[in-house]
Amino acid sequence: MPALEQVLKQKAAEISGNPTKMAKVRDWIDGYRGKILNFKTKGTAYHLVFTKEGVACRAGEYPSVELTYIGEEDALSSLVRGETTTRDAAKAGKLKTWHNLHEAVRFEEVLKT
């Protein structure tokens, strides 16, 4: 299993199993059925699906998402582990984002909870 996939699956399980983090997720997606974030490298793509019931990691790029992160696997993994922020990684040239950047703020709030 590629390192990014492993990090995403571990984070999805961690968030799903933590009532405090899931409360943040429910607050974030309030009024929607869920939120989806893409994570793309040159050779792979994954997406996290956030619903009121939990978080799932799925392989492939989802066609309609709130936010897409694009970068090297180590930069994306570092972001998901909470070792860096979207802003810092983008300023360093390690990460690009497409779509709604404000969703990154809400995602990072869940990670920091």
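As a reminder, the structure under discussion sits directly above these lines.
All values derive from a computational prediction rather than experimental measurement. (Residues numbered from 1 in each chain as written. Predicted model: local features only at pLDDT ≥ 70, side-chain atom pairs only at ≥ 80, totals over all residues. Heavy atoms only, no water.)

Before going further, it helps to spend a moment on the sheet that holds strand S1 (residues 35–40). Reading across the sheet, the five strands line up as S3-S2-S1-S4-S5 and stay open at both edges, with mixed pairing between neighbours. The open sheet has two free edges, formed respectively by strand S3 (55–59) and strand S5 (95–99), since each of these has just one partner strand. Strand-to-strand twist in this sheet, taken as the mean axis angle between neighbours without regard to direction, amounts to 20°. With respect to the sheet, helix H1 (residues 3–16) is in contact with S1, strand S2 (45–50) and S3, its orientation differing from that of S3 by roughly 160°. (Pairing = 2+ DSSP bridges. Helix = DSSP H or I, 4+ residues; strand = E, 2+ residues; numbered from the N terminus. Axes fitted to C-alpha atoms, helices over the stretch in contact; angles between N-to-C directions. Contact = heavy atoms within 4.5 Å.)

An α-helical turn contains 3.6 residues, so a residue and the one three or four places further along point in the same direction. The terminal C-alpha atoms of H1 lie 20 Å apart, and with 14 residues this matches the ideal 20 Å at 1.5 Å per residue to within 8%. What H1 keeps buried is the set Leu4, Glu5, Val7, Leu8, Lys11, Ala12 and Ile15. Taken down its axis, H1 places every buried residue within 165° of arc, on the same side. On the buried face of H1, the contacting elements are helix H2 (19–28), S1, S2, S3, helix H3 (73–80) and helix H5 (102–112). (Expected span 1.5 Å × (residues − 1). Buried < 20%, exposed > 50% of the residue type's maximum accessible area, 1.4 Å probe, protein only. Arc of directions from axis to C-beta.)

The next thing to look at is the packing of aromatic side chains. Within the structure shown, the criterion is met by five aromatic pairs. By way of ring pairs, the aromatic residues Trp28, Phe39, Phe50, Tyr69 and Phe107 are connected into one cluster. Over the face of the ring belonging to Tyr32 we find Lys35, whose NZ or CZ atom lies 4.4 Å from the ring centre. (Phe/Tyr/Trp six-rings, centres within 6.5 Å; stacked < 30°, edge-to-face > 60°. Lys NZ or Arg CZ within 6 Å of the ring centre and 35° of its normal.)

Every buried residue of H2 is accounted for by Lys21, Met22, Val25 and Trp28. Down the axis of H2, the smallest arc covering the buried residues is 115°, so these residues share one side. Along H2, the residues that are exposed and aim more than 90 degrees away from the buried face are Pro19 and Thr20. In this fold, the buried residues of H2 make contact with H1, S1, S2, S3 and H5. The opening residue of H2, the one whose side-chain oxygen lies 2.9 Å from the backbone nitrogen of Thr20, is Asn18. (Polar contact = N/O pair within 3.5 Å; in protein donor to acceptor, adjacent residues only side chain to side chain.)

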